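A structural walkthrough
Each chain is listed here by its residues.
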Amino acid sequence: MTRLVLSHATVVDGDHSALTDAHVVVDDDRITAVGTGPLADARPGDRVIDLGGRTVVPGMVNCH
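In short, a report on the structure. These figures come from a predicted structure and were not determined experimentally.

Things to note about the pairing of strand β1 (residues 4-11)
- β1 sits mainly inside the fold: six of its eight residues count as buried.
- Of the strand pairs in this sheet, β1 and strand β2 (residues 19-27) are connected by five bridges, and their pairing is antiparallel. Paired with Ala9 across the bridge in β2 is Ala22.
- The pairing of β1 with strand β4 (residues 47-50) spans four bridges and is parallel. When the sheet's bridge partners are listed, Ser7 is paired in β4 with Asp50.
- Pairing of β1 with strand β5 (residues 55-56) involves two bridges; the strand directions are parallel. When the sheet's bridge partners are listed, Thr10 is paired in β5 with Thr55.

Points about the nonpolar core
- Leu6, Ala9, Val11, Ala22, Val24, Val26, Leu51 and Val56 form the largest nonpolar core, which has eight residues in total.
- Not counting residues up to four positions away in its chain, the partners in contact with Val56 are Leu6, Ala9, Thr10, Val11, Val12, Val24 and Leu51.

Let's talk about the pattern of salt bridges
- For the structure shown, the criterion picks out three salt bridges.
- Close ionic contact of Arg3 with Asp41 constitutes a salt bridge, the shortest N to O distance being 3.5 Å. Of this pair, Arg3 sits in the segment before β1 while Asp41 sits in the loop between β3 (30-36) and β4, and the two are 38 residues apart along the sequence.
- Between Arg43 and Asp27 there is a salt bridge, with the nearest N and O atoms lying 3.9 Å from each other. Linking Arg43 in the loop between β3 and β4 with Asp27 in strand β2, this pair joins segments that are 16 residues apart in sequence.
- With a relative accessible area of 44%, Arg43 lands in the partly exposed category.
- Take Asp27: its relative accessible area is 22%, and that puts it in the partly exposed class.
- Three or more residues joined by partner-sharing salt bridges are found here, namely Arg3, Asp41 and Asp46.

Calculation rules
Residues numbered from 1 in each chain as written. Predicted model: local features only at pLDDT ≥ 70, side-chain atom pairs only at ≥ 80, totals over all residues. Heavy atoms only, no water. Buried < 20%, exposed > 50% of the residue type's maximum accessible area, 1.4 Å probe, protein only. Helix = DSSP H or I, 4+ residues; strand = E, 2+ residues; numbered from the N terminus. Pairing = 2+ DSSP bridges. Core = buried A, V, L, I, M, F, W, Y, C linked by side-chain atoms within 4.5 Å. Contact = heavy atoms within 4.5 Å. Salt bridge = Lys/Arg side-chain N within 4 Å of Asp/Glu carboxyl O.

Here you go:
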């Protein structure tokens, strides 16, 4: 299965300060990496979506 890479995002995890210009890597149905800067292990088959600074909350499933 192709990995999904969300790039250039603002990431809020609820435990730390928000990360800006960050990436989130989803492999199958699991978040496998969250970090800032360029993705160190980019793969040729990755599906990359540039979020242009939009905010993501990895792992947030149900807000109530």
